[in-house]
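# Observations on the three-dimensional arrangement
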Amino acid sequence: MDMNANIERVMLTSEQIAERVKGLAAQLDKLYEGRRPVVICILKGSVMFFADLIREMKTPMQIDFMAVSSYGKGSISSGKLQVKKDLTVNIGGKDVLIVEDIIDSGNTLYELKKMLNTRSPASVNIVTLLDKPERREVPMEPEYKGFVIEDEFVVGYGLDYAEDYRNLPYIGVLKRSVYEEK
Ligand code: PRP
């Protein structure tokens, strides 16, 4: 499969992403000055953004990983949020930064934030690379965001379609024919 051939147009180049990531890292360094947050990568989509963002940050931190899925996303759910992989770090009393690739309906982050708050962290902030506010179903406003985008099917830089395209270095709009022919 030729991944590039299935892209309608490039929405964000790797250079544009890198520049924005630097800007966000500087803002977050300021926010966490003198503190040592637990920075959480929400698998799998956030992996690229997370790796680039934390390398740009100068704040000392702990990192951890979580895999979650919100109800209605096709997986067996116990309650509204299915935790497929939980944290190993105890976040009690800690400053928590959740790193997401995209916020769509907002359900995942809404439920996740609620769940993490039951563990008594000192604070919880969310940084998302992409935000699709048009699709929102619940009130969820991330504290930090990279780009506000239109409701288009985007892939690359961690984002997938049926598990493909995550390793594209840029974010592109997938050709309609790719997902409509299936
Ligand atoms: C994506 C994304 C968020 C969620 C956003 O993950 O990383 O976690 O969906 O959607 P929502 O705002 O409508 O809840 P996905 O479940 O596709 O998993 P992945 O990161 O492993 O691809």
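Residues numbered from 1 in each chain as written. Predicted model: local features only at pLDDT ≥ 70, side-chain atom pairs only at ≥ 80, totals over all residues. Heavy atoms only, no water.

## Regarding helix α3 (residues 107-117)
- Of all the residues in α3, the buried ones are Thr108, Leu109, Glu111, Leu112, Lys113, Met115 and Leu116.
- Contacts from the buried residues of α3 go to β2 (38-43), β3 (62-70), β4 (81-85), β5 (95-103) and β6 (123-131). (Buried < 20%, exposed > 50% of the residue type's maximum accessible area, 1.4 Å probe, protein only. Helix = DSSP H or I, 4+ residues; strand = E, 2+ residues; numbered from the N terminus. Contact = heavy atoms within 4.5 Å.)

## Overview of the sheet that holds strand β9 (residues 171-174)
- In spatial order, the strands read β1-β9-β8; together these 3 strands make up an open sheet with antiparallel pairing. Sheet topology places β1 (7-12) and β8 (154-155) at the edges, where each strand pairs with a single neighbour.
- Across 4 bridges, the pairing between β1 and β9 is antiparallel. Across the sheet, the residue bridging to Val10 is Gly172, located in β9. (Pairing = 2+ DSSP bridges.)

## Details of the side chain of Thr108
- With respect to the helices and strands, Thr108 occurs in helix α3.
- Accessibility expressed as a relative area gives 16% for Thr108, which makes it buried.
- Here the side chain of Thr108 touches Ser70 through a polar contact of 3.3 Å, side chain to side chain.
- Excluding its chain neighbours within four sequence positions, the residues that come into contact with Thr108 are Val68, Ser70, Leu81 and Glu100. (Polar contact = N/O pair within 3.5 Å; in protein donor to acceptor, adjacent residues only side chain to side chain.)

## Section: the confidence of the model for the protein
- With 95% of its residues at a pLDDT of 70 or more, the protein has an overall mean of 94.
- Low pLDDT, under 50, characterises residues 74-78; the predicted model gives this stretch 5 contacts beyond four residues in sequence or across chains. (pLDDT = per-residue confidence, 0-100.)

## Some words on unusual backbone geometry
- Residues Leu43 and Lys44 are joined by a peptide bond in cis, for which omega reads -5°.
- Locating Lys44 in the fold gives a position in the loop between β2 and α2 (47-56).
- Of note, Tyr157 is a non-glycine position whose phi angle comes to about 50°, a positive value.
- Mapped onto the fold, Tyr157 is located in the loop between β8 and β9.
- The phi angle at Ala162 is positive, at roughly 50°, despite the residue not being glycine.
- Among the structural elements, Ala162 can be located in the loop between β8 and β9.

## Some words on the packing of aromatic side chains
- The full count for this structure, using the stated rule, is 4 aromatic pairs.
- Consider the rings of Phe153 and Tyr161, whose centres lie 5.4 Å apart with planes at 85°: the pair is edge-to-face.
- The class of Phe153 is partly exposed, set by a relative accessible area of 28%.
- Ring centres 4.7 Å apart and planes at 35° place the aromatic pair Phe153 and Tyr179 in the tilted group. Taken as a pair, Phe153 in the loop between β7 (144-148) and β8 and Tyr179 in helix α4 (residues 176-180) lie far apart in primary sequence, 26 residues in all. (Phe/Tyr/Trp six-rings, centres within 6.5 Å; stacked < 30°, edge-to-face > 60°.)

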